[in-house]
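Given next are the chains, with one letter for each unit.
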Amino acid sequence: MQLDVRDVSFAYGQRLALQGVSFTVQSGRLNALLGPNGAGKSTLMALFSRLYRLQQGDILLGELSIRRQPRQALRQLGVVFQQSTLDLDLSVRQNLAYHAALHGLSRRQAAPRIESELQRQGLLERQHEQVRQLNGGHRRRVEIARALLHEPKILLLDEPSVGLDQASRLALNQHIRLLCAERGLTVVWTTHLLDEIQAEDPVVVLHQGRILAENSAAELVHSSGTASLGDAFARLTGQTEAA
Ligand SMILES: Nc1ncnc2c1ncn2[C@@H]1O[C@H](COP(=O)(O)OP(=O)(O)OP(=O)(O)O)[C@@H](O)[C@H]1O
């Protein structure tokens, strides 16, 4: 499912965080939303998930407008926030069951979905362990399994690899790509870590609340006449590092 951001602006009081932001997220792909600290990535995520109300513009999930059909639109969306929201004292399975109940799934509906998501995330054998026992990478996977329980078409991941070691970061990135390929999931992956982005990935570059570029990573490098995505990013934003 495609996601369209149309002329979205947002201010915290006098402070303008997003200014006339428009871009399209491609269906069934890992789309990178790239920007340095303060670019407006988290604000956009909060608008996608209706944590904040739109002040100007609209966001479309397929044909569904967040402004006009908020409930139906939200049903298409799974979200993993930057800060973990798992209950560390509950088991993996209990965390998922609790979330399923919040989404109005009966136990009978929830059980097979929980099984299949845990299987897909390679966590079925660990379902009865307390989340506290898991490492950072596995906790992220529990959150992803939980975000996919209601079978959304679009998954938002806000800086999902923050706090993970290099091996877990890579594994998580590959895992998400597999979900895109296997079930046509549309993913928005916000990051400031350029090595998580591959040449063919659609990339949106956000800087100081504005879109600076929207293209594949390879095209961004090509059109900026630079040698790497890091250099292209530096040229676009005037920064040497994305962080
Ligand atoms: N609650 C808030 N009140 C006032 N200003 C805010 C608030 N949240 C964010 N901002 C400001 O809005 C702008 C965008 O911030 P946002 O957190 O969306 O950026 P970001 O790209 O997610 O950065 P980071 O990677 O640091 O999370 C920044 O200038 C920030 O200072």
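Definitions and cut-offs
- Every chain is numbered on its own, with residues counted from 1 as its sequence reads.
- For a predicted model such as this one, the threshold for reporting local features is a pLDDT of at least 70, and the threshold for listing and counting side-chain atom pairs is 80 or more; totals across whole chains, interfaces and linings nevertheless cover every residue.
- For two strands to be treated as a pair, DSSP must find at least two bridges joining them.
- Each helix corresponds to a stretch of at least 4 residues labelled H or I by DSSP, and each strand to a stretch of at least 2 residues labelled E; elements are numbered beginning at the N terminus.
- Definition of nonpolar core: a set of buried Ala, Val, Leu, Ile, Met, Phe, Trp, Tyr and Cys residues joined via C-beta atoms within 7 Å.
- Here a residue counts as buried when 20 or more other C-beta atoms sit within 10 Å of its C-beta, as exposed when there are 12 or fewer, and as partly exposed otherwise, the C-beta atoms being derived from the backbone.
- Boundaries between domains were set according to an automatic or database domain assignment.
- UniProt positions are given in the numbering used here, feature names are shortened, and annotations may be inferred rather than shown by experiment.
- Taking the helix axis as origin, the arc is that swept by the directions to the C-beta atoms.
- Whether two residues are in contact depends on their C-beta atoms, placed from the backbone: they are in contact if these lie within 7 Å.
- Nearness here has a simple definition: the residue's C-beta atom, placed using the backbone, must lie within 6 Å of the molecule or strand.
- Residues are grouped as follows: Ala, Val, Leu, Ile, Met, Phe, Trp, Tyr, Cys and Pro are nonpolar; Asp, Glu, Lys and Arg are charged; all remaining types, including Gly, are polar.
- Helix axes are fitted to C-alpha atoms over the stretch in contact, other axes to C-alpha atoms as well, and angles between N-to-C directions run from 0 to 180 degrees.

> Now, about the sheet that holds strand β2 (residues 15-25): what can you tell me, with residues and values included?
Strand order in the open sheet formed by four strands is β2-β1-β4-β5, with antiparallel pairing between adjacent strands. Two strands close off the open sheet at either side, each with one partner strand: β2 and β5 (64-65). Alignment of strand β4 (residues 56-61) against β5, held across two bridges, turns out to be antiparallel. Residue pairing in the sheet places Leu-60 in a bridge with Ser-65 of β5.

> Outline the nonpolar core, supporting the account with residue identities and numerical values.
Ranked by size, the top nonpolar core spans 59 residues in total, and within it Leu-156, Val-187, Trp-189 and Val-203 carry the most contacts. Counting residues per element, this core draws most heavily on β2, at five residues. Per-domain counts for this core show at least three residues from each of domain 1 (1-76 + 153-159 + 185-243) and domain 2 (86-151).

> Mind laying out the pairing of strand β3 (residues 30-34), listing which residues take part and the relevant values?
A large share of β3 lies buried, amounting to five of its five residues. Of the two faces of β3, the one lined by Leu-30, Ala-32 and Leu-34 and the one lined by Asn-31 and Leu-33 are each fully buried. Examined bridge by bridge, β3 and strand β8 (residues 186-191) share five bridges and lie parallel to one another. Bridge pairing links Ala-32 to Trp-189 in β8. Where β3 and strand β9 (residues 202-207) come together, three bridges link them in parallel fashion. Across the sheet, residue Leu-34 finds its bridge partner in β9, namely Val-205.

> Can you break down the UniProt feature "domain: ABC transporter" (unreviewed entry) in the protein chain residue by residue, with the values?
UniProt marks residues 3-233 with the feature "domain: ABC transporter" (unreviewed entry), using the numbering shown here. The annotated region residues 3-233 carries 35% helix and 27% strand content, and the separation between its end C-alpha atoms amounts to 24 Å.

> Explain helix α8 (residues 229-237) to me, using residue names and the numbers behind them.
Every buried residue of α8 is listed here: Leu-229, Ala-232, Phe-233 and Thr-237. Viewed end-on, α8 has its buried residues packed into an arc of 115°, placing them on one side of the element. Those residues of α8 that are buried are in contact with β3, β9, β10 (210-216) and α7 (217-224). Positive phi shows up at Gly-238, right after α8, with a value of about 75°.

> Now, about the domain arrangement of the protein chain: what can you tell me, with residues and values included?
Often, the extent of an interface is quoted as the loss of accessible area on bringing the components together. Segmenting the protein chain into domains produces domain 1 (1-76 + 153-159 + 185-243) and domain 2 (86-151). Distance between the C-alpha centres of domain 1 and domain 2: 28 Å.

> I'd like a rundown of the site of the ligand, residues and numbers included.
Close to the ligand lie Tyr-12, Arg-15, Ala-17, Gly-35, Asn-37, Gly-38, Ala-39, Gly-40, Lys-41, Ser-42 and Thr-43. Taken together, the elements giving at least two residues each to the shell around the ligand come down to β2 and α1 (41-48). With three residues, α1 is the largest single contributor of residues to the shell around the ligand. Per-class residue counts for the shell around the ligand are three nonpolar, six polar and two charged.

> Describe in detail the sheet that holds β9, supporting the description with residues and values.
Reading across from one edge, β6-β7-β8-β3-β9-β10 is the order of the six strands in this open sheet, with mixed pairing throughout. Each of the sheet's edge strands pairs with one partner strand only, and the pair in question is β6 (77-80) and β10. Going across the sheet, the axis of each strand differs from the next one's by a mean of 15°, ignoring polarity. The pairing of β9 with β10 spans six bridges and is antiparallel. Across the sheet, residue Val-203 finds its bridge partner in β10, namely Asn-215. Packing against the sheet, helix α5 (residues 136-147) makes contact with β6 and β7 (154-158), and its axis sits at approximately 160° to β6. Its contacts with the sheet put α7 on β9 and β10, and the angle it makes with β10 is roughly 110°.

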